[in-house]
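These are the residues of each chain, in order.
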Amino acid sequence: MMIMAAAASNESPNKSTEDKTSARRQNEVNKKLKYISLAILVIQNASLILSIRYVRTLPGDHFYTTSAVVMAEVLKVLTCVVIILIEKRGNVKSFVSLLYDSLVVQYLDTLKLAVPSLIYTLQNNLQYVAISNLPAATFQVTYQLKILTTALFSVLMLRKSLSKIQWISLVLLFAGVAIVQVEQEGGKQKEAVTSANQNYFKGLVSVIISCLSSGFAGVYFEKILKGSSASVWIRNIQLGIFGTLLGLLGMLWNDGAAIAEKGFLFGYTPMVWGVIFNQAFGGLLVAVVVKYADNILKGFATSFSIIVSTITSVYLFGFHVDLIFTLGAGLVIGAVYMYSLPKPSTSTSSTSTSSSSHSIGGDSKLDAFLPNPKAPGKKKGI
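How each quantity is defined
Residues numbered from 1 in each chain as written. Predicted model: local features only at pLDDT ≥ 70, side-chain atom pairs only at ≥ 80, totals over all residues. Heavy atoms only, no water. UniProt positions renumbered as here; feature names shortened; annotations may be inferred. Helix = DSSP H or I, 4+ residues; strand = E, 2+ residues; numbered from the N terminus. Buried < 20%, exposed > 50% of the residue type's maximum accessible area, 1.4 Å probe, protein only. Contact = heavy atoms within 4.5 Å. Areas by Shrake-Rupley, 256 points an atom, 1.4 Å probe, with all protein chains shown as cover. Salt bridge = Lys/Arg side-chain N within 4 Å of Asp/Glu carboxyl O. Core = buried A, V, L, I, M, F, W, Y, C linked by side-chain atoms within 4.5 Å. Axes fitted to C-alpha atoms, helices over the stretch in contact; angles between N-to-C directions. Parallel < 35°, antiparallel > 145°, perpendicular 65-115°, else oblique. Left-handed = near helix turned anticlockwise from the far one by under 90°. Patch = residues over 30% accessible without salt bridge, like charges linked within 9 Å, V, L, I, M, F, W, Y side chains within 5 Å. Nonpolar A, V, L, I, M, F, W, Y, C, P; charged D, E, K, R; others polar. Expected span 1.5 Å × (residues − 1). Phe/Tyr/Trp six-rings, centres within 6.5 Å; stacked < 30°, edge-to-face > 60°. Lys NZ or Arg CZ within 6 Å of the ring centre and 35° of its normal.

Per an unreviewed UniProt entry, the recorded name for the protein is UDP-galactose translocator-like, and the organism is Carassius auratus. You can read under Sequence similarities (unreviewed entry) in the UniProt record for the protein the words "Belongs to the nucleotide-sugar transporter family. SLC35A subfamily." Under the Subcellular location (unreviewed entry) heading, UniProt states for the protein: "Golgi apparatus membrane".

Written out as C-alpha cells, the structure is:
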C-alpha cells in the first residue's frame, strides 16, 4: 500500500507539470492564431476596397459591376458546395440528402433568408458604386457608420443595451465621419476636375444607404435565425442562391441591353477576377478565422485597415491627407476600438452578442453567419 501511495504521489506532480506544459503550448498556439487572424482581417478589409477602387479608376473599358456581384455569389455557392462535399468525405448520397433537407424540406427556413439576401445584393452593388466615386480612404472611414446603424437597429429591434462607453464611441464615430465629409466637401471641386467620371455625392449617398442596409440586414438576420443550427456553409448556400437570382434580376434591369451586346464577361481582366475572388472567398476566409479573434482584435483590425487604406491611397491614387482628415479618421479609429471593448457590467452578454453578430472588423453579413454559442441548439464554431 505504501509503495502504491508513493507511486501515486510521484504521478501527481508529473501530471500537473504535463498539464501546465500543455496549457502553455495551447496558449502559444492561440496567440499565434490571433496574430494570423489579425493579419487576414486587415488584409481582406483593406485589399478589397483598394482593389475595387483601382480597377474602377483604370482607363479603358470597365466591367459591369452587376455581373461581378452575380459572379461572386456563384463562386461562393460553388465553394461552399465543395467544402460540404469534402466534409462528407465525398459521400454524394449523404451530401445530396443534407442539401435536400436543408434547402427543400426546411424550405421555410430557407425562405427566411430571401429578405437579407435582397438587402445584401443591394449592398454589394452599392459598394461598387460608392468605391467607384469616393477615394478609398474616404469610403473606408465613412463605411464605419455601419457600426452606428447596427447598434441602433440592435437597440430598436432586439432591445439590446449599450454601455456608456459604446454610446460615447458612437457619438465620436459620427463626429469623425462628419469631419471627414466636411474636409472632402472642401476639396471636392478640385477632385471633380481631375475625375470627370466620378460623382462624389452619388458615392456618398451609396455608402450611407449601404451602411443602413448593412445594419438592418445584420440585425434582421440575427432575429429570424435565433436558435437555428445550420452550418456557416449551408447559410452561405441559401444566401448565395437568392443572391444569384436577385443579382441576375438587377443585372438584367440595369445593364441587360449592354451585357446582351458585349457579353457577361466584358471588361474582365486578371485584376477584375482578383477583385471577384477576393469578394467571394475573402468573406468565407474571414468567417473561418474570426473565431480566433475576439471583439477587441476585430476592432483593432478595422482601425489598422483604415490606416493601411489611407497610406496606400496616398501612393497609389495620389490621395491628399491633411490635418482635418487625420483628425476625423483618428476619431473614427478610436471610436471603433472603444466600441469593441467589452462592457464592464454584468450585462456584457447582450452587447457582446450584438458586436459578435455584427461585424466590427468586417461585413455584418459575414459575422451574422457565426453561430451564437448562447442560442439553444447551437455549437460554438465558425
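More follows now that the structure is in view.
Caption draft 1: Summary view of the overall build of the protein. Helices and strands together make up the secondary structure of the protein, namely 15 helices and 0 strands. Within the protein, the proportion of its 382 residues that are buried is 47%. For the protein, the proportion of contacts with a sequence separation of at least 24, taken over those separated by at least 6, is 85%. For the protein, the exposed surface amounts to about 18,900 Å²; the carbon and sulfur share of it is 68%.

Caption draft 2: Just the pattern of salt bridges, in detail. Per the counting criterion, the structure on display carries 2 salt bridges. A salt bridge links K76 to E73; its shortest N-O distance comes to 3.4 Å. Residue K76 and its partner E73 are both found in helix α2 (residues 65-87); the two are separated by 3 residues, about one turn of the helix. Among the ionic pairs, D109 bridges to R235, the shortest N-O distance being 3.0 Å. Of the two residues, D109 sits in helix α4 (residues 107-111) while R235 sits in helix α10 (residues 232-262), which places them 126 residues apart along the sequence. Each member of the pair D109 and R235 is classed as buried.

Caption draft 3: The nonpolar core, seen in detail. In terms of nonpolar packing, the biggest core is built from 47 residues, with F139, V141, L170, V207 and I276 touching the most fellow members. Once residues within four sequence positions are removed from consideration, V207 is found in contact with A130, L134, F139, T142 and Y143. Formed by 10 residues, the second largest nonpolar core is a distinct cluster that contains F95, V232, W233 and I237.

Caption draft 4: Spotlight on the packing of α2 against helix α3 (residues 92-105). Direction vectors running N to C along α2 and α3 enclose 125 degrees, while the axes themselves pass 9 Å from each other. Taken together, the axis directions place α2 and α3 in an arrangement best described as oblique. By crossing handedness, the relation of α2 to α3 is classed as right-handed. Listed contacts from α3 to V81, I84 and L85 of α2 are F95, L98 and L99.

Caption draft 5: Looking closely at the side chain of T142. Summarising the element assignment, T142 is placed in helix α6 (residues 136-142). Using a relative accessible area of 1% as the deciding quantity, one classes T142 as buried. In contact with T142, not counting residues within four places along its chain, are V177, Q181, L204, V207 and C211.

Caption draft 6: Summary view of a nonpolar patch on the surface. A cluster of nonpolar side chains, contributed by F300, F304, I307, I311, V314, Y315, V321 and Y337, occupies part of the molecular surface with about 750 Å² of accessible area. Here the element with the most residues in the nonpolar patch is helix α12 (residues 295-317); it accounts for 6 residues.

Caption draft 7: Here's a closer look at the UniProt feature "transmembrane region" (unreviewed entry) in the protein. Summarizing the sequence annotation, UniProt attributes the feature "transmembrane region" (unreviewed entry) to residues 35-55, 67-86, 165-183, 203-221, 233-253, 265-290, 297-317 and 323-341 in the numbering used throughout. Counted over residues 67-86, helix gives 100% and strand 0%. Its end C-alpha atoms are 29 Å apart. Between the C-alpha atoms that bound residues 165-183 the distance is 27 Å, and the span itself is 100% helix and 0% strand.

Caption draft 8: Inspection of the packing of helix α5 (residues 114-133) against helix α9 (residues 200-224) at higher detail. Between α5 and α9, whose axes approach to 8 Å, the crossing angle comes to 155 degrees. When the axis of α5 is compared with that of α9, the two are roughly antiparallel. Crossing angle aside, the handedness with which α5 passes α9 is left-handed. Here the residues of the contact of α5 with α9 are counted per class, giving 15 nonpolar, 9 polar and 1 charged.

Caption draft 9: A look at unusual backbone geometry. At R89, a residue that is not glycine, the phi angle is positive and equals roughly 55 degrees. Along the polypeptide, R89 turns up in the loop between α2 and α3. Residue R89 is classed as exposed on the basis of its relative accessible area of 79%. Unlike most non-glycine residues, R159 shows phi in positive territory, near 55 degrees. Topologically, R159 is positioned in the loop between α7 (145-158) and α8 (164-194). Here R159 falls in the exposed class, since its relative accessible area comes to 71%.

Caption draft 10: Fine view of α7. Look at α7: 19 Å from first C-alpha to last across 14 residues, which is about the 20 Å you get at 1.5 Å a residue. Note on α7: the residue one or two positions beyond its end, R159, has a positive phi of about 55 degrees.

Caption draft 11: Layout of α5. The end-to-end C-alpha distance of α5, which contains 20 residues, comes to 29 Å, matching closely the 28 Å that a straight helix rising 1.5 Å per residue would cover. Buried residues dominate α5, accounting for 15 of its 20 residues.

Caption draft 12: Structural context of the environment of I276. Examined against the element boundaries, I276 turns out to sit in helix α11 (residues 270-289). For the pair I276 and V69, spaced 207 residues apart in sequence, the C-alpha to C-alpha distance is 7.8 Å. In this structure I276 touches A68, M71, A72, L75 and Y268, once residues within four positions along its chain are discounted.

Caption draft 13: Representation of the packing of aromatic side chains. Per the stated rule, a full pass over the model turns up 10 aromatic pairs. Ring geometry for F63 and Y268: centres 6.2 Å apart, planes at 85 degrees, overall edge-to-face. Taken as a pair, F63 in the loop between α1 (2-57) and α2 and Y268 in the loop between α10 and α11 lie far apart in primary sequence, 205 residues in all. With respect to burial, F63 and Y268 carry one shared label: buried. Taken together, a centroid distance of 5.6 Å and an interplanar angle of 70 degrees make the contact between F153 and F216 edge-to-face. With F153 in helix α7 and F216 in helix α9, the pair connects residues that are 63 residues apart, well separated along the chain. Classification of F153 by relative accessible area gives partly exposed; the value is 21%. The side chain of R56 reaches across the aromatic face of F63, ending 5.2 Å from its centre.

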